[in-house]
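In case you want the letters, here they are:
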Amino acid sequence: MTGDEHLRAELEAAMTDAGSGVAAANGLCVACVDLLHVDGAAISFMHDGASQGTFGSSGELSRRLDEFQFTYGEGPCMDAVSAGRPVLVPDIEVETEVRWPAFAAAMLQEGVRAVFALPSAVATNHIGVLDLFRRAPGPMSPGDLSAGLLAAELAALPLLNLMTADVDWAGVGDGSTAWAELASLERVEVYQATGMLMEHLDVGPTEALVRLRAHAFAMGQTASEVAWKIVERRLTLDHDGAWRPSGEAGSAP
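Here goes a summary of the coordinates provided. Predicted, not measured: the structure shown is a model, and the values here were computed from it.

So, about the side chain of Arg-134. Summarising the element assignment, Arg-134 is placed in strand E5 (residues 125-134). No salt bridge is formed by the buried Arg-134; the nearest opposite charge belongs to Asp-144, separated by 4.6 Å. Here Pro-139 takes part through its backbone oxygen, which lies 3.2 Å from a polar atom of the side chain of Arg-134. Once you skip the residues sitting within four places of it in the chain, Arg-134 turns out to touch Leu-36, His-37, Val-38, Asp-39, Val-112, Arg-113, Ala-114, Phe-116, Pro-139 and Met-140.

And the structure:
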């Protein structure tokens, strides 16, 4: 058995032992941390060039790092899908003024210096991205990069489970059955909060999501962190755009 064959067997075993769907994706991410000399890994599900959910991660920090790309609408996972090739950033500090300024600043604040985004494809369709994070700056070795590309290839398997669920993305936020399918993602709270804002403010899903993201950006939080506050009725957005803790004068009951 060659080195690549042995590595593939280890990665596949990690997914098989974990189960299927999100569990398999999590298992693959944990294996990447164990085998590829990185500190974190996450798999983003992509649709129409945008991140729709964190479909797997090696832990809470990696999930949060991936969440920043969704919150700010920028980052290497979007660029990797758009270009159809890996986006390798050995030192994100030098990218703060050139690419993804908000995302790069968030990475540095979390103590992350390098990120490597490897697209995952089925046929010619890029359906996801494997993001690998490292606290120390520096490029991936040729061997680790080769292994990462193999892991990104394998990441397509659990992602296919979501694709075959026939999610009606156009219906997200309008009470359709897409809500049930999105429950398999770890960002369902954002869609729940968006629906609540739509009803409270009488706006469409796009505007509601923009307002949620804008508040997250202003507060240096992720979209999920803000969404949980809305879902749990700890935070309210008024029609004038002001955010208030629920229960304050002028806020919704």
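What follows deals with the nonpolar core. Residues Leu-11, Leu-28, Cys-32, Ile-43, Leu-130 and Leu-132 are the most contacted members of the largest nonpolar core, which totals 30 residues. Here this core takes 8 residues from helix H6 (residues 142-163), the largest share from any one element. Apart from residues no more than four positions distant in its own chain, Leu-28 is found in contact with Leu-11, Met-15, Ile-43, Ala-151, Leu-154 and Ala-155. Ranked by size, the runner-up nonpolar core spans 23 residues in total, among them Ala-42, Tyr-72, Cys-77 and Phe-103.

With 14 residues, helix H2 (residues 22-35) should reach 20 Å at 1.5 Å per residue; the first-to-last C-alpha distance of 20 Å fits that figure. Every buried residue belonging to H2 is among Ala-24, Ala-25, Gly-27, Leu-28, Cys-29, Ala-31 and Cys-32, and all of these are buried. With its phi angle positive at about 60°, His-37 sits one or two positions after the end of H2.

The rules we used
- Residues numbered from 1 in each chain as written.
- Predicted model: local features only at pLDDT ≥ 70, side-chain atom pairs only at ≥ 80, totals over all residues.
- Heavy atoms only, no water.
- Helix = DSSP H or I, 4+ residues; strand = E, 2+ residues; numbered from the N terminus.
- Buried < 20%, exposed > 50% of the residue type's maximum accessible area, 1.4 Å probe, protein only.
- Lys, Arg positive; Asp, Glu negative; His and termini not counted.
- Salt bridge = Lys/Arg side-chain N within 4 Å of Asp/Glu carboxyl O.
- Polar contact = N/O pair within 3.5 Å; in protein donor to acceptor, adjacent residues only side chain to side chain.
- Contact = heavy atoms within 4.5 Å.
- Core = buried A, V, L, I, M, F, W, Y, C linked by side-chain atoms within 4.5 Å.
- Expected span 1.5 Å × (residues − 1).

Everything listed here is a matter of geometry and, on its own, says nothing about what the molecule does.
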